[in-house]
Amino acid sequence: MEDGQRPPNGRSKDELRLVIVAGSAGAGPEAVPEMINHALTVLADLLEEGDLACEFSLVSGSLIDGDVAESVNALLPSLCRVQGLQWVQSWRTPVGDALPGLFLPTRQADAWGQGAPARALVDSLTYWVMALMGRLWPDDAECWSLTVETDDWYAAAYVDVVINHQEQVWLLHLGVTD
């Protein structure tokens, strides 16, 4: 959604972020990653289409010896490793570019067009997820787009984002598999 546009519920992005953050304000910071993973699971389920399944997750670990790549390798499945880390200015850019647009089902296009109820729901969940992520990391946290090398299956298509903040490395995986 372009800046300045209003989501289907009529609220601006900033108004929606305020409502979402206020609604989750009672939860301590330690609960936020779990809240994000729950929301990502719902979002992935909504975007599933036939034989294509979305796999969205957020995992974290300590920064190992100041080495982000080594820290990410510890978070990846056993037969996967970092092939490349490309610096991005803000985690919001790759996440906002990917969700939900990259994963919208292609069948039943009318059900997923702008203003359609299904699209409004996934757009709202995306705003919620991003507002929750904003509670974990500032916009200017160290951030990279990840390319994974694997000897096995990883995902048919994916957007992986790595965030290093306060000696904690986070791996956000947004993938689709068939």
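Residues numbered from 1 in each chain as written. Predicted model: local features only at pLDDT ≥ 70, side-chain atom pairs only at ≥ 80, totals over all residues. Heavy atoms only, no water.

1. A few points about the overall build of the protein chain
Here is the rule: For the purposes of this entry, the term helix denotes a DSSP run of H or I that reaches at least four residues, the term strand denotes a run of E that reaches at least two, and both are numbered from the N terminus. Burial classification: accessible surface area is computed with a 1.4 Å probe over protein chains only, and a residue below 20% of its type maximum counts as buried, one above 50% as exposed, and the rest as partly exposed. Whether two residues are in contact is decided by their heavy atoms, any of which lying within 4.5 Å being enough. In these tables, accessible area is a Shrake-Rupley quantity obtained with a 1.4 Å probe, and a residue counts as shielded only by the protein chains included in the view.
The helix and strand tally for the protein chain stands at 6 helices and 5 strands. Starting at the N terminus and ending at the C terminus, the protein chain contains elements arranged as α-α-β-α-β-α-α-α-β-β-β. Taking all 178 residues of the protein chain together, 44% fall into the buried category. Summarising the internal contacts of the protein chain: among those between residues at least 6 apart in sequence, 65% fall at separations of at least 24. A total accessible area of about 9300 Å² is found for the protein chain, and carbon and sulfur atoms account for 50% of it.

2. Quick word on the packing of aromatic side chains
Formally: Only Phe, Tyr and Trp rings are paired, with Trp represented by its six-membered ring, and only when their centres lie within 6.5 Å; those with planes under 30 degrees apart are stacked, over 60 edge-to-face, the remainder tilted.
Counting across every chain of the model gives 4 aromatic pairs. Ring plane angle 75° and centroid distance 5.3 Å describe the contact between Trp91 and Trp137, whose orientation is recorded as edge-to-face. Remark: Trp137 occurs in the loop between α6 (117-136) and β3 (142-150) and Trp91 occurs in the loop between β2 (80-87) and α4 (92-98); sequence separation between them is 46 residues. Judged by relative accessible area, which is 0%, Trp91 ranks as buried. On the basis of relative accessibility, which here comes to 1%, the residue Trp137 falls in the buried class. Here Tyr154 and Tyr158 contribute two aromatic rings whose centre-to-centre distance is 5.1 Å and whose plane-to-plane angle is 90°, an arrangement assigned as edge-to-face. Taking relative accessible area as the criterion, Tyr154 reaches 12% and is therefore assigned buried.

3. Quick notes on the environment of Ala27
Position of Ala27 relative to the elements: it lies in the loop between α1 (13-23) and α2 (32-47). When its relative accessible area of 22% is taken as the criterion, Ala27 is described as partly exposed. In contact with Ala27, other than residues within four places in its own chain, are Met35 and Arg135.

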